[in-house]
Amino acid sequence: MRIIYTIGIWFYGLGVHVAAAFGHRNARLMLRGWHHWREELAKLDGRPVAWFHAASLGEFEQARPVLESYLERHSGHQVLLTFFSPSGYEVRKNYPKAQAVCYLPPDLPLTVGRFVRQIDNLQAVFFVKYDFWFNYLGALHSRHVPTYIFSAIFRPDQYFFKWYGLWFRRKLKECYTHLFVQNEESLQLLKTHGIDRCSIAGDTRFDRVHQIAVAAERDAKVERWLDGHDGKVLVGGSTWPPDEEIIHQLNVGGSKLRVILAPHVISEEHLCQIERLFPDSVRYSKCGDGCNQQVLIIDNIGMLSKLYRYATVAYIGGGFGVGIHNILEAVTFGKPVLFGPNYHKFKEARDIIARGGGFCHHNADELQHNIEPLLTNDDALRKASQSCLEYMQENLGSTTKIMDTIEK
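Below, the structure is looked at part by part. (Residues numbered from 1 in each chain as written. Predicted model: local features only at pLDDT ≥ 70, side-chain atom pairs only at ≥ 80, totals over all residues. Heavy atoms only, no water.)

### Notes on the packing of helix α7 (residues 134-142) against helix α8 (residues 166-175)
Logical step 1: Contact geometry for α7 and α8: axes closest at 10 Å, N-to-C directions at 35°. Here α7 runs over α8; the crossing is left-handed. Contacts from F134, L137, G138 and H141 in α7 reach W167, F168, K171, E174 and C175 in α8.
Logical step 2: Here the contact of α7 with α8 is built from residues that sort into 5 nonpolar, 2 polar and 2 charged. (Axes fitted to C-alpha atoms, helices over the stretch in contact; angles between N-to-C directions. Helix = DSSP H or I, 4+ residues; strand = E, 2+ residues; numbered from the N terminus. Left-handed = near helix turned anticlockwise from the far one by under 90°. Contact = heavy atoms within 4.5 Å. Nonpolar A, V, L, I, M, F, W, Y, C, P; charged D, E, K, R; others polar.)

### Let's talk about the nonpolar core
Logical step 1: Core analysis: the biggest nonpolar cluster contains 43 residues, and W51 and F154 have the highest contact counts within it.
Logical step 2: Ranked by residues supplied to this core, first place goes to α7 with 5 residues.
Logical step 3: Other than its neighbours up to four places away in sequence, F154 contacts F132, F160, F161, L172, L179, V181, S186, L189 and L190.
Logical step 4: Among the nonpolar cores identified, the runner-up in size contains 38 residues, and I260, A262, Y284 and L296 belong to it. (Core = buried A, V, L, I, M, F, W, Y, C linked by side-chain atoms within 4.5 Å. Buried < 20%, exposed > 50% of the residue type's maximum accessible area, 1.4 Å probe, protein only.)

### Looking at the sheet that holds strand β12 (residues 313-316)
Logical step 1: Strand order in this open sheet of 7 strands is β10-β11-β9-β8-β12-β13-β14, and the pairing throughout is parallel. Only two strands of the sheet have a single partner each, and these edge strands are β10 (281-283) and β14 (358-360). Going across the sheet, the axis of each strand differs from the next one's by a mean of 20°, ignoring polarity.
Logical step 2: With 6 bridges joining them, strand β8 (residues 233-239) and strand β9 (residues 258-263) adopt parallel strand pairing. In the strand pairing of β9, G236 is matched with L261. (Pairing = 2+ DSSP bridges.)

### Concerning helix α13 (residues 268-277)
Because an α-helix completes one turn every 3.6 residues, residues spaced three or four positions apart along the sequence face the same direction.
Logical step 1: Within α13, burial applies to H270, L271, I274 and L277. Angularly, the buried residues of α13 cover 120° about the axis, an arc narrow enough to put them on a single face. When the buried face of α13 is taken as reference, the exposed residues oriented beyond 90 degrees from it are E269 and R276.
Logical step 2: Packing partners of the buried residues in α13 comprise β8, α12 (241-248), β9, β10 and β11 (295-297). (Arc of directions from axis to C-beta.)

Structural data, given as structure tokens:
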């Protein structure tokens, strides 16, 4: 099975080379990164190393509370941070708490051996959620390096638990010092297959979004735009055109609803499309004193998480596409969340619906039905908001559980 797996990795690498030759931007970035890891590892200075690997930017945000807690407890150590995807590396390549940051080279035995051997004094390795690189795991196991995965989720339909999954299950059992999973189903699934070094620690994303909310600064421009407005505010986060079209159809009685839209794709074409849909709108970059348009369009990246503080309710985009975006950034502020139908693979979305803090819609009429009570009935809004706050509070502390177990 290892030979078949390695051949698959080789063909993936070949595909990246072909895509790069045809001008695919991400493939070119990955290929360039694969050839420059040696220079980055040379920055490690001999002190003990903790290696954190995240597939992309979202997984890095999950890893960040654990990474920073590790450094607080081991102040003399240094961090190697690796990424699989350009969406993570290109944004966080200058992350100040890491001594070295690079792309993870392909999981091929010869490359893996060279990579791991160049990391002197490696103390621990941390993978996030679903990144399983079996040649790396084997190399780390043979060198007796403590290796962990956290915020992991396992399901019966994964390849680990198929008829051909014995080799992969053995790697889980042999190579990980401990597996930190999110839920009881994952724990029991592992134990049923003889994998005992595992425990429930929850999802570190809750800790991270809580950190962001606590540290978030207020936005003077948004507050000037809201100054004197005594109505309700809908914040649309990571919206796509189908989301914006449905929001455009809202009709909330006499409520003076203001809308902040932070689209997922910030291109001139998309921004112009939103402006045509909402004639009474202004872009954030052009909003000065005296702006009183109904809709504020966020035309930059990185603001969304702090904007949810201004929401009465939050609309989370992506539900009419491949899946909804992060709801926890709004939930941590106690904001009820509304989203389209493609949410079922996200546990937190299912949980928040069951608690009465989240609402799914398939069309504009259903959105109207869900949002009207929240904007016109203070008691309904208070109950939904309280459900969100309680849900966040119950799920904080994953980082502490992980670090305490590792220290033991």
